[in-house]
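Working through the structure, step by step
Here's the letter readout for the chains.
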Amino acid sequence: MNSIPAQDIKRRGISAVDEALREGPVHIIKNNRPSYVVLSEAAYAELLESYCDAARERLRESLADLEAGRTNRYEDADALMQGLDGDES
């Protein structure tokens, strides 16, 4: 992923970002650290669609587990946490 310093944006304006976006997503470097990522609208839409597709798939899997009886009920959050801790062993 390409990157540009925040100072370049201050100095050159949005044209600095536009230029860098031609090569794909851009890390904005502030205080010598990546602070932001800028995406084109098309790349953002694709990312959002992938996220929504993954969420729908997880929901389908959860519903299938529910219908197949592969679920547990817990009295409260503490009991749930104990159940989850027991799954790790």
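Please refer to the structure placed before this passage.
A brief look at the structure comes next. (Residues numbered from 1 in each chain as written. Predicted model: local features only at pLDDT ≥ 70, side-chain atom pairs only at ≥ 80, totals over all residues. Heavy atoms only, no water.)

**What to know about the nonpolar core**
Soluble globular proteins: nonpolar side chains tend toward being buried together. Among the nonpolar cores identified, the biggest contains six residues, and these are Ile-4, Ala-16, Val-17, Ala-20, Val-26 and Ile-28. The set of elements that each furnish at least two residues to this core consists of helix 2 (14-21) and strand 2 (26-30). Among the elements that line this core, the one with the most residues is helix 2, at three residues. Sequence-distant contacts of Val-26, defined by excluding residues within four places in its chain, comprise Met-1, Asn-2, Ser-3, Ile-4, Ala-20, Leu-21, Tyr-36, Val-37 and Val-38. (Core = buried A, V, L, I, M, F, W, Y, C linked by side-chain atoms within 4.5 Å. Buried < 20%, exposed > 50% of the residue type's maximum accessible area, 1.4 Å probe, protein only. Helix = DSSP H or I, 4+ residues; strand = E, 2+ residues; numbered from the N terminus. Contact = heavy atoms within 4.5 Å.)

**Here's the deal with the sheet that holds strand 3 (residues 33-38)**
In spatial order, the strands read 1-2-3; together these three strands make up an open sheet with mixed pairing. If you trace the sheet from one side to the other, it starts and ends with strand 1 (2-5) and strand 3, each paired once. Strand-to-strand, the axes of this sheet are offset by a mean angle of 35 degrees, without reference to chain direction. In this structure, strand 2 lies alongside strand 3, joined through five bridges in antiparallel fashion. When the bridges of strand 3 are listed, Lys-30 appears paired with Arg-33. Running at roughly 165 degrees to strand 1, helix 2 makes contact with strand 1, strand 2 and strand 3 of the sheet. (Pairing = 2+ DSSP bridges. Axes fitted to C-alpha atoms, helices over the stretch in contact; angles between N-to-C directions.)

**Quick look at the side chain of Asn-2**
Topologically, Asn-2 is positioned in strand 1. Side-chain polar atoms of Asn-2 contact the backbone oxygen of Ala-20, separated by 2.6 Å. Aside from chain neighbours lying at most four places away, what touches Asn-2 is Ala-20, Glu-23, Gly-24, Pro-25, Val-26 and His-27. (Polar contact = N/O pair within 3.5 Å; in protein donor to acceptor, adjacent residues only side chain to side chain.)

**Quick look at the environment of Asn-32**
Among the secondary structure elements, Asn-32 is positioned in the loop between strand 2 and strand 3. When its relative accessible area of 77% is taken as the criterion, Asn-32 is described as exposed. Put simply, Asn-32 and Ala-42 are ten residues apart on the chain and 28 Å apart in space, counted from C-alpha to C-alpha.

**Observations concerning a nonpolar patch on the surface**
On the surface, Tyr-44, Leu-47, Leu-48 and Tyr-51 cluster together to form a nonpolar patch covering roughly 440 Å² of accessible area. Structurally, Tyr-44 is set in helix 3 (residues 41-68). With relative accessibility at 42%, the residue Tyr-44 sits in the partly exposed group. (Patch = residues over 30% accessible without salt bridge, like charges linked within 9 Å, V, L, I, M, F, W, Y side chains within 5 Å. Areas by Shrake-Rupley, 256 points an atom, 1.4 Å probe, with all protein chains shown as cover. Salt bridge = Lys/Arg side-chain N within 4 Å of Asp/Glu carboxyl O.)

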